[in-house]
Amino acid sequence: MKENKYSRFIAPNDKIYLWIIAIFVIVLFFYNPIIGFVGVLVLIYLIYYYWKNTHVKKEEWTRYIEGLAEEFDSVTKEAIFNMPIPLTMIGKDGNIRWYNTRFLSMMEEKDILDKNIVALVPGMKIEEIFQGDTGFVEINFKESYYKIYYNIVDSKKTINSNDTIAMLYWIDNTSFSLLKERYNDEKLIVCVAQVDNYDEVKGNTDEVNRPIVFAEIDKKINSYVSSMNGFVRKYENDKYIIIFENAYLEYLESKKFDILDRIREIDLGNKIPITLSMGVGVNGKNPNQSYEYAKAAIDIALGRGGDQAVVKKIDRLSFYGGKTKAVEKRNKVKSRVISHALRQLIDQSEVVFIMGHKNADMDCFGASIGILRAVKNRNKKGYIVLKDSNPSIKNIYDRMKKDQAEILDSIVTPEEAMNKASKSNLLVVVDNHKPSFTEAPELLKIIDKVVLIDHHRRGAEFIEDPVLTYLEPYASSTCELVTEILYYMSDKMELTNFEADALLAGISVDTKNFTFQTGVRTFEAASFLKRAGADTTSVRQLFRDDYNTFLLKAEVVKNAKVVYDKIAISRLSEETEDSILIAAQAANELLNINGVSASFVLALTDGKIHISGRSLGDISVQLILEKLGGGGHLTSAGVQLENVNMDESEEMLKKAIDEYLKEGEDK
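Computed from a predicted structure; not experimentally measured. (Residues numbered from 1 in each chain as written. Predicted model: local features only at pLDDT ≥ 70, side-chain atom pairs only at ≥ 80, totals over all residues. Heavy atoms only, no water.)

(A) A look at the pairing of strand β21 (residues 608-615). The buried fraction of β21 is high, at 7 of 8 residues. Pairing of strand β20 (residues 598-605) with β21, which is carried by 8 bridges, proceeds in the antiparallel orientation. Across the sheet, Ala598 pairs through a bridge with Ser615, a residue of β21. Two successive antiparallel strands, β20 and β21, enclose a turn made up of 2 residues, where Asp606 displays a positive phi of approximately 55 degrees. Pairing of β21 with strand β23 (residues 636-641) involves 6 bridges; the strand directions are antiparallel. When the bridges of β23 are listed, Gly613 appears paired with Ala637. (Buried < 20%, exposed > 50% of the residue type's maximum accessible area, 1.4 Å probe, protein only. Helix = DSSP H or I, 4+ residues; strand = E, 2+ residues; numbered from the N terminus. Pairing = 2+ DSSP bridges.)

(B) Layout of the nonpolar core. Ranked by internal contacts, the top residues of the largest apolar core, which has 55 residues, are Leu342, Phe365, Ile371, Val428 and Ile453. Take this core: its biggest share by element is 9 residues, from helix α14 (residues 362-377). Filtering out sequence-adjacent residues up to four positions away, Val428 remains in contact with Leu342, Val352, Phe353, Ile354, Met355, Ile371, Val451 and Ile453. Residues Ile189, Phe244, Leu276 and Met278 belong to the second largest nonpolar core, which totals 32 residues. (Core = buried A, V, L, I, M, F, W, Y, C linked by side-chain atoms within 4.5 Å. Contact = heavy atoms within 4.5 Å.)

(C) Summary view of the pairing of strand β12 (residues 351-355). Burial runs high along β12: 5 of the 5 residues are buried. Of the two faces of β12, the one lined by Val351, Phe353 and Met355 and the one lined by Val352 and Ile354 are each fully buried. When β12 meets strand β13 (residues 381-385), the two strands line up parallel, connected through 5 bridges. Its bridge partner lying in β13, Val352 is registered against Gly382. Between the parallel pair β12 and β13, the chain is carried across by α14, and the sense of this crossover is right-handed. Here β12 runs beside strand β15 (residues 426-430); their pairing, made up of 4 bridges, is parallel. What sits directly across from Phe353, in β15, is Leu427. (Right-handed = clockwise from strand over helix to strand, strands pointing away.)

(D) Expanded view of the domain arrangement of the chain. You can read the domains of the chain as domain 1 (1-82), domain 2 (87-181), domain 3 (196-321), domain 4 (334-543) and domain 5 (548-666). Placing a centre on the C-alpha atoms of domain 3 and another on those of domain 5 gives a separation of 32 Å. (Domains from an automatic or database assignment.)

(E) The arrangement of the UniProt feature "binding site: Mn(2+) 2" (unreviewed entry) in the chain in detail. When the UniProt feature table is mapped to this numbering, "binding site: Mn(2+) 2" (unreviewed entry) covers Asp363, Asp431, His455 and Asp510. On the basis of their most widely separated C-alpha atoms, the annotated residues across 148 residues gather in one place, lying no more than 11.2 Å apart. With respect to the helices and strands, Asp363 occurs in helix α14. Sequence-distant contacts of Asp363, that is, excluding residues within four places in its chain, are made with Asp431, His455, Ser477, Thr478, Cys479, Gly506, Val509 and Asp510. With respect to the element layout, His455 can be found in the loop between β16 (449-454) and β17 (468-471). Not counting residues up to four positions away in its chain, the partners in contact with His455 are Asp363, Asp431, Glu472, Pro473, Ala475, Ser476, Ser477, Thr478, Leu481, Asp510 and His633. (UniProt positions renumbered as here; feature names shortened; annotations may be inferred.)

(F) Region of the structure containing empty space enclosed by the protein. The tally for this structure, following the rule as stated, stands at 2 cavities of 30 Å³ or more. Size it by volume and the largest cavity reaches roughly 50 Å³. Taken together, Gly356, His357, Ala360, Cys364, Phe365, Ser368, Ile384, Val385, Leu386 and Glu439 form the lining of the largest cavity. Of all the elements in the fold, those that place two or more residues in the lining of the largest cavity are α14 and β13. Looking at side-chain class alone, the lining of the largest cavity contains 6 nonpolar, 3 polar and 1 charged residues. (1 Å grid on protein atoms, 1.4 Å probe; cavity = no way out; pocket = protein on both sides within 12 Å on 5 of 7 lines; lining within 4 Å. Points joined across faces, edges and corners; volume = space filled by probe spheres on them. Nonpolar A, V, L, I, M, F, W, Y, C, P; charged D, E, K, R; others polar.)

(G) Representation of the packing of aromatic side chains. Under the criterion given, the structure shown has 10 aromatic pairs. A centroid spacing of 6.1 Å and a plane angle of 45 degrees characterise the contact between Phe365 and Tyr397, whose relative ring orientation is tilted. Of this pair, Phe365 sits in helix α14 while Tyr397 sits in helix α15 (residues 394-403), placing them 32 residues apart in sequence. Judged by relative accessible area, which is 2%, Phe365 ranks as buried. Relative accessible area serves as the criterion here: at 14%, Tyr397 is assigned to the buried category. With centroids separated by 5.0 Å and ring planes inclined at 85 degrees, the aromatic side chains of Tyr487 and Tyr488 adopt a geometry described as edge-to-face. Classification of Tyr487 by relative accessible area gives partly exposed; the value is 45%. Feature note: the residues Phe103, Tyr146 and Trp170 constitute an aromatic cluster, connected by ring pairs. One residue, Arg336, lies across the ring of Tyr488, its end atom 5.9 Å from the ring centre. The ring centre of Phe462 lies 3.7 Å from the NZ or CZ of Arg458, which sits over that ring. (Phe/Tyr/Trp six-rings, centres within 6.5 Å; stacked < 30°, edge-to-face > 60°. Lys NZ or Arg CZ within 6 Å of the ring centre and 35° of its normal.)

And the structure:
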């Protein structure tokens, strides 16, 4: 700062000399006016000379700067035209306003001025470019990859004030893109495969044919993996670990993991079809993380009933297969183990909360009552979390008030449960495994120990880290699973007639009176409940409808339309408090029509569109409604859609059905 302050006094300046001369001339006037007059004339001449010299230098400097600017402009234009990267200037309409020689050399045509760039470069997204001031887009053009940086010039700054100009800088990114593509293709994919029904196949195959059957399974899996230049090792009788490159994953997905079909088609003396499940881990940071993804994926595949492949890409899940019904497990060892483990957890807890899904149905409510009996049998305090009664459980709820009113003291609202719950309590979730579908999702955050008992096929959303999981898609209902748990929990387990009826009603409603999704163990559970005092006549009365409900159900059946020659779709014309129940019952009734393999009924409830899907087994309503965010079983599923009307919902449903049929998932 000091240097700047004093430099003007040190640096030479002609004005200073003139001022010094002027002072001397004034002094001379006092001593000799004649010489002083001469000095004035000289001073005037010097001032004139100084002014003229300064003016001339200024003009010369201006001419020099102007010449330099012209030269700079010329050099700049030359540099832009011959820049080693392609440049293009386009208007908002996409027409080319200017280009350099490098860009012209990329084009097959030579007359490209005012041509639309989209016509010359297919895939160019003009709208994306003009959304921001700066940025870049990537494009593949003539077997080369370009990263196109753009800069938007505001219309006010252009010659034509009615247009906005974008300057495009084309950076050849081919080498990097090919390297990235190669890196992605060569990434290792870890897959865990498991024969779902190994023990059942072994037990139902003659001893002489067993080696042939299992050798054929190994042969098909090894051949399948070899075709991908992969690596496979069998580490248990029914389990395999497979390693292959990411380049083959897209092909496997396009074929929908057809190895599942090849294994199912094996017929070398085995009396039941063989099914395979696969869990594929993708995009792990290292092989160990990919293996963890694969283990999580195989758990989901088995939780959904097996006979399918699940691909887990970090947090995203993709499902393939799932065409067949879940295979019933005849071995009751797991039921006994779960029962004993649950008994220990109840004994370790002072209070046990039992929670089902929103809009509880007969299976959910019956299972809750069964678990409450198990809790009371261990002399512990238990609460059923239920917001309120609804048409699906109205009959059994009213009967409970009459026959076993003390259960009402154990029913709490979600708000009351939140106030009573503590970290050390136990929470048993029944007939649901999705946190967002529970009566009180916040309760899952308060209570650490969570037990899950469910029979639905596992979806992408799942309760995090339950201490005990009993998820068996083969089961007819959650009430069947709970009945087995009660059977093994204690030799002195005594059910009241109402509790036995409630559990049998849950089994009846999910099996449509023992016609769907029933196995040997379903009838064994029903037999146990019958011995405990269940009355089939009393259970039947729980499903009776009032006159208005019956008429609405009949109207739904009457207005049904059959699409694709085998799928019935209908609507419930008016919103009622039991819309969901009517939709489910009407969907069941539609299956009684000759030629109908699946049915869907749409109903409006609480501002949302609820869709109930039912099937005879040839078509998976679960896979169809999963496309809309729902889920369930192969023969029974549902979904709720928000922010859409009835017409839009039906179109979405038809699109999902069309996609399903095009994928060839129906038998």
